[in-house]
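Understanding the architecture of this molecule
Read off the chains here:
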Protein chains: 2
Amino acid sequence: MADGEKYVYEFGAHTDGNAKMRELLGGKGANLAEMSRIGLPVPPGFTIATAVCAKFTAEGGKLPASVERQRNAALANVEKQLGRKFGDRKNPLLFSVRSGARDSMPGMMDTILNLGLNDETVNGLSEATGNPRFAFDSYRRFIQMYGDVVMEVHAKDEHSADPFEEILMEAKKSAKAKFDNQLTEKQLREIIEKYKDLIRRETGNTFPQDVHQQLLGAIGAVFRSWNNQRAILYRRKYGIPSEWGTAVNVQAMVFGNMGPDSATGVAFTRDPASGENVFYGEYLIDAQGEDVVAGIRTPNPIAHLAKDMPKVYGELVAVREKLESHFRDMQDFEFTVQQNKLYMLQTRNGKRTGFAAVRIAVEMEHDGLIDKRTAVGRIAADSISSLLVPIFDGDAKKKAKAIARGLPAGPGAASGKICFSAARAEEVHGRGERALLCRAETSPEDIRGMLASEGILTSRGGVSSHAALVARQMGKVCIVGASALEIDYGSRTMRVGDITMKEGDEISIDGTAGEIYLGSLPTVPSEVNQVLNGTMDGKKSQTYGTYAKLMGWCDEFRKLKVYVNADSPTQALAGLRYGGEGIGLTRTEHMFFEGTRIDHMREMILADSVADREAALAKLLPMQREDFIGIFTAMGGKHTTIRFLDPPLHEFVPHDEPTQRDLSKKTAIPLERIRARVEALREFNPMLGHRGCRLGISYPEVSRMQARAVFEAVVHCKKNGIAVHPYVMIPLVGFLKELRNQVDIVNEVAKAVSGESGMEFTYHVGTMLEVPRACLRAGEIAEIAEFCSFGSNDLTQTTLAISRDDMGSFLGRYMDLEIFTQNPFATLDVDGVGELMTIAVERAKKTRPTITLGICGEHGGDPASVKFAHTIGLTYVSCSPNRIPVAKLSAAQAAIA
Amino acid sequence: MADGEKYVYEFGAHTDGNAKMRELLGGKGANLAEMSRIGLPVPPGFTIATAVCAKFTAEGGKLPASVERQRNAALANVEKQLGRKFGDRKNPLLFSVRSGARDSMPGMMDTILNLGLNDETVNGLSEATGNPRFAFDSYRRFIQMYGDVVMEVHAKDEHSADPFEEILMEAKKSAKAKFDNQLTEKQLREIIEKYKDLIRRETGNTFPQDVHQQLLGAIGAVFRSWNNQRAILYRRKYGIPSEWGTAVNVQAMVFGNMGPDSATGVAFTRDPASGENVFYGEYLIDAQGEDVVAGIRTPNPIAHLAKDMPKVYGELVAVREKLESHFRDMQDFEFTVQQNKLYMLQTRNGKRTGFAAVRIAVEMEHDGLIDKRTAVGRIAADSISSLLVPIFDGDAKKKAKAIARGLPAGPGAASGKICFSAARAEEVHGRGERALLCRAETSPEDIRGMLASEGILTSRGGVSSHAALVARQMGKVCIVGASALEIDYGSRTMRVGDITMKEGDEISIDGTAGEIYLGSLPTVPSEVNQVLNGTMDGKKSQTYGTYAKLMGWCDEFRKLKVYVNADSPTQALAGLRYGGEGIGLTRTEHMFFEGTRIDHMREMILADSVADREAALAKLLPMQREDFIGIFTAMGGKHTTIRFLDPPLHEFVPHDEPTQRDLSKKTAIPLERIRARVEALREFNPMLGHRGCRLGISYPEVSRMQARAVFEAVVHCKKNGIAVHPYVMIPLVGFLKELRNQVDIVNEVAKAVSGESGMEFTYHVGTMLEVPRACLRAGEIAEIAEFCSFGSNDLTQTTLAISRDDMGSFLGRYMDLEIFTQNPFATLDVDGVGELMTIAVERAKKTRPTITLGICGEHGGDPASVKFAHTIGLTYVSCSPNRIPVAKLSAAQAAIA
């Protein structure tokens, strides 16, 4: 670390940073600087840069000397600006110490307030403010936070209470105080002594009285908190690299807990759950910020502040407008009122539900705050899915009647078994059942349980409580502050009025309306889907209007075509409703499982001779032809890709004796032969076995039948005036000669069908690129292939040598160790699989510049993967119907970026 | 085909071509030209270039007009030179028409002799030669060949006789003639009429009387024969591309069948079976060349010609010397003596056994004919294996006593079941048993059966018969012309004296000595191996001397190091005996199967907790340490690579109930839990499952135990004054972080062991490159890996998406269709797998220029793959002990090329 480099940045009267310096200062630090710059009332302080985080860890938990020097200088400047000294016995300067990563990670890392208090300065504070109760309450809070975060005095396990809280509760109980602020100075002093005893008992160390030691300890704890379990889990879920590190913000304290003329609050410039353009938030009088977020007391809605503190409220409304017009995005900000003076402690782009993200972006464009391009670019592509998930059936809701209401904090419909702890929710989820986490409030320890739940319900806390915040970001259905619910962890029950629910009982929550129901309610398609399938008038749905506008913009910007993976006319039509422009993948094998077809398929597989096989295939031919006619008709002339038989034959034959007997009766093939054939088809590694084009090469009559079905369907459609654009796709090609073999068959059959029918038609032949070798040989493969589609699932399996079906045994470990930052079957491994794709694209285009290239694995509906597809110049992505909107939005974002 | 291009090349008085033009003229055509140039007596003729072959096929079996014009001109020149006319009634010019590819494919394609005879010209020939019997015998032969080759009148199946032969036999029988040349003109005329009837009956066409039609038919048949089944099989075995095509040689006929002053023969400048420097060959008086090769009459050894035709023999000895000094390689040549005048019909580099190849090259260097470089470059690298295969035990041979002798045509020892047909040999081989093909003679139809046999034994034919020729090239043990054997196909028996052997009985043949034994004789190591393991004095073995000299040269030239794959001290020592310079792969898992270890291994796998697992591992530690001490001691300071546990755990647990019960008793683990765990370990695609470094990452205690065993062994050896150079290799790495995880463990354990023992030691850490992703990311992997070894087997499986264990179901089909020209698990797929390797080498060297790179899959002992390893700049190849000499020779050849 060069001595000359700057690692500490001031804000306040003198400000070094600005909003653009997120990477260095973290989001919080950069925005504190920016707010200072635009004249908002920010208490002064300084930010220790993110780069120091890794150094701190590398040096075994010490700050480099150069950082120490800069920090001391910045601290002196704050003292000078405020005319108070850190550690001063008379009028001590206190600090908050907060983490702040590049991307906001709410509640994931640690914060310490009121730092600088000790047995002496607390008296100074008491005298300077003339408010001893406030001073000792602050000291009490500080010891509690410091004891927890820095000295690591925690609850024994998740069923025990926090030991500091226990002492506090005990004291409140014997003082008959309902709220913290009803405790007297004397009572607080007693609590403080008990806290210090607790720390001594638990750690063998005394609570530090040296304020500089306190500050160093707090800074260290923040840096360490970057690598705590919660933070790691969070980063994993959101794909944040551990290399980024956190900054540390040290800021002069202001106090919302100095009496009834003080307050603290959190607000959003718009509703982060629904996206509605209303001033939104909540506050507590005589409290510190953490009280709001932790959900310990249920705060008041922000509108009430107009009555409680009219002047401050007016200032806040002005702040809201200034923030939106300056940052041009919905802001989530924290404020404190100290003796009627407003201070801004933080602002950031507010986390929002998918629902809200779409609505806010579209409405901000309408309001002229941002342009279409920005609107499209800003929405996390997955968000749009939340407009498509089922909602509760209105009639059923009416009949069931809500038993309670809460604040809608995550829209959507969720049903599941009541779970009163995160562990129970994980357990229920692990059994494959639906869990619904019900807590008085949630805390960062509950993250895993929240992930495992369909929805989250709390009886306390507001829309900025931990539960609401996290649920918002996870896209979970959520209701908070349903205060009518009485949750009793001891008896594992929940009561509302005279209704008692046990753990394991089913309930339903409507996170859009904030309503709670007994039992599991039936669902209906989302509004958007109702409009798309014609059961609702589009003009009646605000959501649909928003959706349609956004999709329109996406179609304007995107360069990638978006196709659907569809194995039936129903799926094809679903794809078209979502705006699919063609079919990128029809898996013909899926058709062989329906009804009696599987019998003919089995007959074919069990055939001893080509003649027998052809006889069985002759029975499948008309059925498969009907399939294709159905799909072609649904697509009405759009690009339709049909992939030939792909899976190993083993998947089609019966493995249990009763079905084998049954098949023997049906086909008159001796049971012994069926058994022997099934055994012969068994493979050590079926994924790498006799499948894909290897089948069509071994049994050319199968490919001939499939080609005939395609072309006879083409002829049928053309005769009936239906336009057809068929693309025949050969799977699992690794060698040019494999493709040539199959294409020869296809061409030969096409010629025959054309001759028989006296009808000319066009078609295209191509292949999947799903074998590493095929990617490397794409140059020669493109000599024959008119199009290629990456089968990114199989390509990932082979390139990584990882069987998706068997990955379960080590995936968890790999995620824990951050060997995988994301599941490579969900999001393309750009460095490995992606490079093979890049090589293939280059080589294929060199041979055939006009070649059509696409992707039809499940990655086709994954935002990051779609963006990669755009980057390497593919023609299309193809995905399941309900991922089409996500793919379109991702494609548009890629084009914009 | 541009009209200006030259497609027909003359030889004789005027010669267009030379020996260097093999690609265009084929081997035969080029050498006919060359022999003409150096003044050997070659009958004139012309060669139609190989390039015409593909054109002929493409144009549906027609010669382009430009070729036709050039052919007519060349034919006219031959007529002018010899003063005779093609089709002339008085003194007709006759031609032979022969194929001739770039590489010799003996007996694989068709040949027609005596072309130009018809019902009229036969009389002209009769008058011109004054030898009607000769003329009609020639006509008879021509019709037979033409009927077979061009008009496709064949035997109905492999058990029927050839229909022409049947007529001939019948005639000989009724004429009481033992040999063809005892038939009278009249008898021959009758046979000719019967032949013509046969053709008419079988084909509906008459035998063509127009000589030009005859010539066109013959040329077409030769071109077509390039794609017959035998030729395709042959090309597949020897990796000859089908694109090469064959040339057609049209040459004026000379006659070895003009009476007792005429002869035909085949000779080698050295013994092609043993390599000995003696004039070698055989001839028949009054016969045509095909009679010798086909093995119909057993010819006389060439030395007898000194008595039969002393002048001609003297000329031949001169020719032998001229050929060797001109071509500087052992020549295989055909000659014909027509009325005491010698004609040369062909010369080529003689095919030879591996044994002979090595001896000839080494001796030619000694004689100053070639230099070391040429000697090394000339030996097919696999040849050297034939010096290493077991031979029959001398004592056992003495006791068993030979029941018959024949000509040694393929050295080595073979035992197996008597099979009288190729089909039977294939069947026996298919059952996994050893077949020994016993035939009166073999023909090209027998190739598959010869491939399937351990050895080949014929009762007729000489060392230039089909059987000898093909066996030589296949490296099969072979004895020909064991005339004491009477084979009766009808009764499926073989008699010698009063011993009768049935099909299926076991016999043994010593192809080095030419001796046949009853039963299956025991074998002992080859002479080379006896010398290497100290049971024979090297000075007593000519073979060992040759081997040692050649290996010495290889060590001089090669750049690649050659290591051994060894899992035990025994294998390590075997590797060292063959000159292995280190161990490239020790599979530590193989050690876990021995004795009681498997129980501890199973205990480890079944453990419920880390503590239980560590307890089981603690039992394995001392055993594994002993393994490593043994190996290090054997290697005495040489490079020793130890790979950590690789296979899925499933491979170690028992799958049958009795063994599970047994294990339950031994370990006191309930049967139910064993069953459940075995079930849980089952994988869909174990090759892509929980194995390799994934195990060491999931169970770090396993890697810790292995690292500890390695380093404690290192310490033990060092304390005992044994030098050690350990290389720890992590398998199946795909991600840098995987390697880092395991290397951290290794380093940590090394430090601990060093601390405990108070001993410093060095070691290296590296990885396998066997996952496509790892090849692509080799640049970053090399940041940590000090060495990388390509696991070419797994890399082939993943790059091609082909499971080697499951490939059987389509490999045959793929070989038939030439999708594979070779099994990619035997010879590296250079275009696919090879490119990934090339990329990896480039990237790894960029990061770490001094990195050690190798290959330790089975390809490490395959000549083509070793050469590729040299080309891309690897440091070493590692293979099983007995492949080391092959690898060394291949490496030297690569360095020379």
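Read on for an overview of the structure.

Here is what the cut-offs are and how they apply
Each chain carries its own residue numbering, running from 1 in the direction its sequence is written. Labels follow written order: the first chain is A, the first ligand is 1, and so on. Residues qualify for local features only when their pLDDT is at least 70, as the model is predicted, and side-chain atom pairs are given and counted only at 80 or more; totals for whole chains, interfaces and linings, by contrast, use all residues. Think of the side-chain values as coming from all heavy atoms in the structure, minus any hydrogens and water. Secondary structure elements follow DSSP: runs of H or I of four or more residues count as helices, runs of E of two or more count as strands, with numbering from the N terminus. Think of it in three bands: with a 1.4 Å probe and only protein chains considered, a residue is buried below 20% of the maximum accessible area for its type, exposed above 50%, and partly exposed in between. Residue contacts are defined here by distance: any two heavy atoms, one from each residue, within 4.5 Å place the two residues in contact. The Shrake-Rupley method, run with a 1.4 Å probe, gives the accessible areas here. Residue values count only the displayed protein chains as cover. His residues and chain termini do not enter the charge count, which takes Lys and Arg as positive and Asp and Glu as negative. We put the charge of a Lys on NZ, of an Arg on CZ, of an Asp on CG and of a Glu on CD. One requirement defines pairing of two strands: DSSP has to find at least two bridges between them. The axes used here are C-alpha line fits, helices contributing only the stretch in contact, and every angle between their N-to-C directions lies in the interval 0 to 180 degrees. Least squares is the method for superposing the copies, and the C-alpha atoms it fits come from residues with pLDDT of at least 70 in both. We define a salt bridge as a side-chain nitrogen of Lys or Arg found within 4 Å of a carboxyl oxygen belonging to Asp or Glu. Buried area is calculated as the accessible area (1.4 Å probe) missing from two parts once they are joined, with the contributions of both summed. The nonpolar class holds Ala, Val, Leu, Ile, Met, Phe, Trp, Tyr, Cys and Pro. Asp, Glu, Lys and Arg form the charged class, and all remaining residues, Gly among them, are polar. Aromatic pairs are defined between Phe, Tyr and Trp rings, using the six-membered ring for Trp, whenever the two ring centres lie within 6.5 Å; interplanar angles under 30 degrees are classed as stacked, those over 60 as edge-to-face, and all others as tilted. The disulfide definition used here is simple: a pair of cysteine sulfur atoms within 2.5 Å. Any angle from 65 to 115 degrees is called roughly perpendicular, while one under 35 is roughly parallel, one over 145 is roughly antiparallel, and all others are oblique. We call a crossing left-handed when the near helix sits turned anticlockwise from the far one by less than a right angle, and right-handed when that turn is clockwise. Pairing of N or O atoms within 3.5 Å defines a polar contact, subject to two protein rules: one partner must be a possible hydrogen donor and the other a possible acceptor, and residues neighboring in sequence count only if both atoms are side-chain atoms.

**Describing the overall build of chain A**
The secondary structure content of chain A amounts to 35 helices and 33 strands. Principal-axis analysis of the C-alpha atoms places the extent of chain A at approximately 105 × 65 × 55 Å. Looking at chain A as a whole, 60% of its 897 residues qualify as buried. Contacts in chain A between residues far apart in sequence, at least 24 positions, make up 68% of those at least 6 positions apart. Surface accessibility of chain A: about 33,600 Å² in total, with carbon and sulfur atoms responsible for 50%. Treating the 109 positive side-chain charges of chain A as one cloud and the 113 negative ones as another, the clouds have centres 2 Å apart.

**Some thoughts on the sheet that holds strand β1 (residues 8-11) of chain A**
Residue and element names in this part refer to chain A. Overall, antiparallel pairing links the five strands, which are arranged β1-β2-β7-β5-β6 in an open sheet. Strands with a single pairing partner mark the edges of an open sheet, and in this sheet they are β1 and β6 (111-115). Adjacent strand axes in the sheet meet at a mean angle of 20°, parallel and antiparallel pairs treated alike. For strand β2 (residues 45-48) and strand β7 (residues 246-252), the ladder comprises four bridges, and the chain directions are antiparallel.

**Details of the relation of the copies chain A and chain B**
Expressed as a screw transformation, the operator carrying chain A onto chain B has a rotation angle of 180° and an axial translation of 0.1 Å, and the superposed copies differ by an RMSD of 0.2 Å. Here the two chains are linked by the operation of a two-fold rotation axis. In terms of proximity to the rotation axis, the leading residue of chain A is A:Asn685, whose C-alpha is 2.1 Å off the axis. Of all interface residues in chain A, 100% are interface residues in chain B too; the two copies therefore contact each other through one and the same surface.

**A closer look at the sheet that holds strand β30 (residues 764-769) of chain A**
All names here are of chain A. Within the closed barrel, the eight strands sit side by side as β26-β27-β28-β29-β30-β31-β32-β33. Their pairing is parallel. Ignoring which end each strand starts from, the neighbouring axes of this sheet average 25° apart. Of the strand pairs in this sheet, strand β29 (residues 725-730) and β30 are connected by four bridges, and their pairing is parallel. Considered in β30, the bridge of Tyr727 is made with His764. Relative to strand β32 (residues 852-855), helix α33 (residues 833-847) is tilted by about 165°, and along the sheet it contacts β30, β31 (787-790) and β32. Helix α35 (residues 884-896) rests against β26 (561-565) and β33 (876-879) of the sheet, and its axis sits at about 160° to β26.

**Overview of the side chain of A:Glu738**
Structurally, the position occupied by A:Glu738 is in helix α28 (residues 736-757). No salt bridge is formed by the buried A:Glu738; its nearest oppositely charged neighbour, A:Arg694, is found at 4.4 Å. Among residues more than four places away in sequence, those in contact with A:Glu738 are A:Cys693, A:Arg694, A:Ile697, A:Leu732, A:Val733, B:Tyr814 and B:Ile819.

**Focus: the pairing of strand β17 (residues 435-439) of chain B**
Residue and element names in this part refer to chain B. Burial analysis of β17 places five of its five residues in the buried class, which makes it a mostly covered element. Of the two faces of β17, the one holding Ala435, Leu437 and Arg439 and the one holding Leu436 and Cys438 are both buried throughout. Taken together, the three bridges between strand β16 (residues 413-419) and β17 define a ladder with parallel strand orientation. Bridged to Lys417 within β17 is Ala435.

**Overview of the pattern of salt bridges**
Residue and element names in this part refer to chain A. Tallied over the entire structure, the rule returns 126 salt bridges over all chains. Among the salt bridges present, the one from Asp16 reaches Lys6, with a minimum N-O distance of 3.3 Å. Taken as a pair, Asp16 in the loop between β1 and α1 (22-37) and Lys6 in the segment before β1 lie far apart in primary sequence, ten residues in all. The exposure class of Asp16 is partly exposed, given its relative accessible area of 22%. A residue is classified by how much of its surface remains accessible, and Lys6, at 38% relative accessible area, is partly exposed. Taken together, the shared-partner salt bridges connect Lys417, Arg424, Glu427, Arg431, Glu433, Arg492 and Glu503 into one network.

**Points about the interface of chain A and chain B**
Across the contact, 46 residues belong to chain A and 46 residues belong to chain B. Across the interface of chain A and chain B, roughly 4,400 Å² is buried in total on both sides, 56% from carbon and sulfur atoms. Between A:Asp829 and B:Arg773 there is a salt bridge, with the nearest N and O atoms lying 2.7 Å from each other. Every element with two or more residues in the side of chain A that touches chain B is listed here: α26 (693-698), α28, α29 (772-776), α31 (792-800), α32 (808-816) and α33 of chain A. Class assignment of the residues belonging to the side of chain A that touches chain B gives a composition of 21 nonpolar, eleven polar and 14 charged.

**Quick word on the packing of aromatic side chains**
Where two aromatic rings form a pair, the distance of their centres and the angle of their planes describe that pair. Residue and element names in this part refer to chain A. Summed over all chains, the structure comprises 49 aromatic pairs over all chains. With a centroid separation of 6.3 Å and 15° between ring planes, the pair formed by Phe279 and Phe333 is classed as stacked. Of this pair, Phe279 sits in the loop between β8 (263-268) and β9 (280-285) while Phe333 sits in strand β11 (residues 331-338), and the two are 54 residues apart along the sequence. Since its relative accessible area comes to 0%, Phe333 is described here as buried. Between Phe761 and Tyr763 the ring centres are 6.3 Å apart and the planes differ by 50°, which places this aromatic pair in the tilted class.

**Description of the environment of A:Arg704**
All names here are of chain A. Tracing the backbone through its elements, the reader meets Arg704 in helix α27 (residues 700-719). Taking the relative accessible area as the measure of exposure, Arg704 reaches 30% and is therefore partly exposed. Here the alpha-carbon distance between Arg704 and Val746, two residues 42 residues apart in the chain, equals 6.8 Å.

**Details of the state of the cysteines**
Residues and elements named next belong to chain A. For the structure on display, the rule yields zero disulfides over all chains. Summary of cysteine pairing: Cys419 is not part of a disulfide, and the nearest cysteine sulfur, belonging to Cys438, is at 7.6 Å. According to the relative accessible area criterion, Cys419 is buried, its value standing at 0%. No disulfide involves Cys478; its nearest neighbouring cysteine sulfur is the one of Cys438, lying 11 Å away.

**Overview of the environment of B:Phe136**
Residue and element names in this part refer to chain B. Mapped onto the elements, Phe136 comes out in helix α5 (residues 132-149). Among the residues examined, Phe136 registers a relative accessible area of 4% and is labelled buried. For Phe136 and Glu185, which are 49 residues apart along the polypeptide, the C-alpha to C-alpha distance reads 6.3 Å. Beyond its immediate stretch of four places on either side in the chain, Phe136 contacts Val122, Asn123, Glu185, Leu188, Arg189 and Ile192.

**Examining unusual backbone geometry**
At A:Lys401, a residue that is not glycine, the phi angle is positive and equals roughly 60°. Turning to its location among the elements, A:Lys401 is positioned in the loop between α15 (394-400) and β14 (404-405). Overall, the relative accessible area of 60% leaves A:Lys401 in the exposed class. Its identity is not glycine, yet B:Ala801 carries a phi of approximately 55°, on the positive side. Here B:Ala801 shows up in the loop between α31 (792-800) and α32 (808-816).

**Quick notes on the packing of helix α21 (residues 569-577) of chain A against helix α23 (residues 610-635) of chain A**
Residue and element names in this part refer to chain A. The interhelical angle for the contact between α21 and α23, taken along N-to-C directions, is 15°, at an axis separation of 8 Å. Judged by the angle between their axes, α21 and α23 are roughly parallel. Note that α21 runs across α23; the crossing there is right-handed. Contacts between α21 and α23 involve Pro569, Ala572, Leu573 and Leu576 from the first element and Gly630, Ile631, Ala634 and Met635 from the second. Its residues assigned to classes, the contact of α21 with α23 shows seven nonpolar, one polar and no charged.

**Focus: the environment of A:Ser225**
All names here are of chain A. Mapped onto the elements, Ser225 comes out in helix α8 (residues 211-225). The spacing of Ser225 and Gly455 is 230 residues in sequence and 28 Å in space, taken between C-alpha atoms. Of note is the side chain of Ser225, whose polar atom sits 2.6 Å from the backbone oxygen of Val222.

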